Structures are given as C-alpha cells and as structure tokens.
Amino acid sequence: MNAVPLSEEELNTIKVGEAFTMATVLLVFTVVILAVVAYKLFTSPDAKITLPGGYKFEWSPK
C-alpha cells in the first residue's frame, strides 16, 4: 500500500470529535428505545414484545 502523507491544509480539516458525537447519538437512541420497551412492559396488563433478532419479552403480573 502506498501511503501519501497529508498536507498541512488537509491536516487542518480533520475534525476529532466526530467519533465521540456518533457514539453519543447511538447511546441516546439505545437508551430511548430501552425506555420505551420498559414502559410498555410495565404499564400493560399483559405485554408481549418481539424485537428483531428473535428476542421476546413477556410481562404478566400475577
């Protein structure tokens, strides 16, 4: 592989916070989805949730 060093102008255009921002967005979406699932499970008398990937959750208070 022939690596070519970046010029000063190209080095100055690199933004270092992009990975941190993307990780934060994914974390927020995950927490929101889990909160909605938990809310549905605990507020319904008989709740059944099927998520992609074959995950199934059921809530039936006794």
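What comes next concerns the included structure. (Residues numbered from 1 in each chain as written. Predicted model: local features only at pLDDT ≥ 70, side-chain atom pairs only at ≥ 80, totals over all residues. Heavy atoms only, no water.)

1. A closer look at the overall build of the protein
Link 1 in the chain: Per the secondary structure count, the protein includes two helices and two strands.
Link 2 in the chain: Taken from the N to the C terminus, the helices and strands of the protein come in the order α-α-β-β.
Link 3 in the chain: A compact globule built from 62 residues should have a C-alpha radius of gyration of about 11 Å, whereas the protein, at 22 Å, is more than 25% larger.
Link 4 in the chain: Along the longest, intermediate and shortest principal axes, the C-alpha atoms of the protein span 70 × 25 × 10 Å.
Link 5 in the chain: Taken across its 62 residues, the protein has 6% of its residues classed as buried.
Link 6 in the chain: Carbon and sulfur atoms make up 67% of the accessible area of the protein, which amounts to about 6,100 Å² in all.
Link 7 in the chain: Seen as two clouds, the 5 positive and the 6 negative side-chain charges of the protein have centres 26 Å apart. (Helix = DSSP H or I, 4+ residues; strand = E, 2+ residues; numbered from the N terminus. Rg over C-alpha atoms; globule rule 2.2 N^0.38 Å. Buried < 20%, exposed > 50% of the residue type's maximum accessible area, 1.4 Å probe, protein only. Areas by Shrake-Rupley, 256 points an atom, 1.4 Å probe, with all protein chains shown as cover. Lys, Arg positive; Asp, Glu negative; His and termini not counted. Charge placed at Lys NZ, Arg CZ, Asp CG, Glu CD.)

2. Describing the pairing of strand β1 (residues 47–51)
Link 1 in the chain: Across five bridges, the pairing between β1 and strand β2 (residues 55–59) is antiparallel. Across the sheet, residue Lys-48 finds its bridge partner in β2, namely Glu-58.
Link 2 in the chain: Hairpin connection from β1 to β2: three residues lie between these consecutive antiparallel strands, with Gly-53 at a positive phi of about 100 degrees. (Pairing = 2+ DSSP bridges.)

3. Focus on the environment of Val-37
Link 1 in the chain: Residue placement: Val-37 occurs in helix α2 (residues 18–43).
Link 2 in the chain: It is 9.7 Å that separates the C-alpha atoms of Val-37 and Leu-51, two residues lying 14 residues apart in sequence.

4. Looking at a nonpolar patch on the surface
Link 1 in the chain: On the surface, Leu-6, Leu-11, Ile-14 and Val-16 cluster together to form a nonpolar patch covering roughly 410 Å² of accessible area.
Link 2 in the chain: Within the element layout of this structure, Leu-6 appears in the segment before α1 (8–12).
Link 3 in the chain: The exposure class assigned to Leu-6 is partly exposed, which follows from its relative accessible area of 45%. (Patch = residues over 30% accessible without salt bridge, like charges linked within 9 Å, V, L, I, M, F, W, Y side chains within 5 Å. Salt bridge = Lys/Arg side-chain N within 4 Å of Asp/Glu carboxyl O.)

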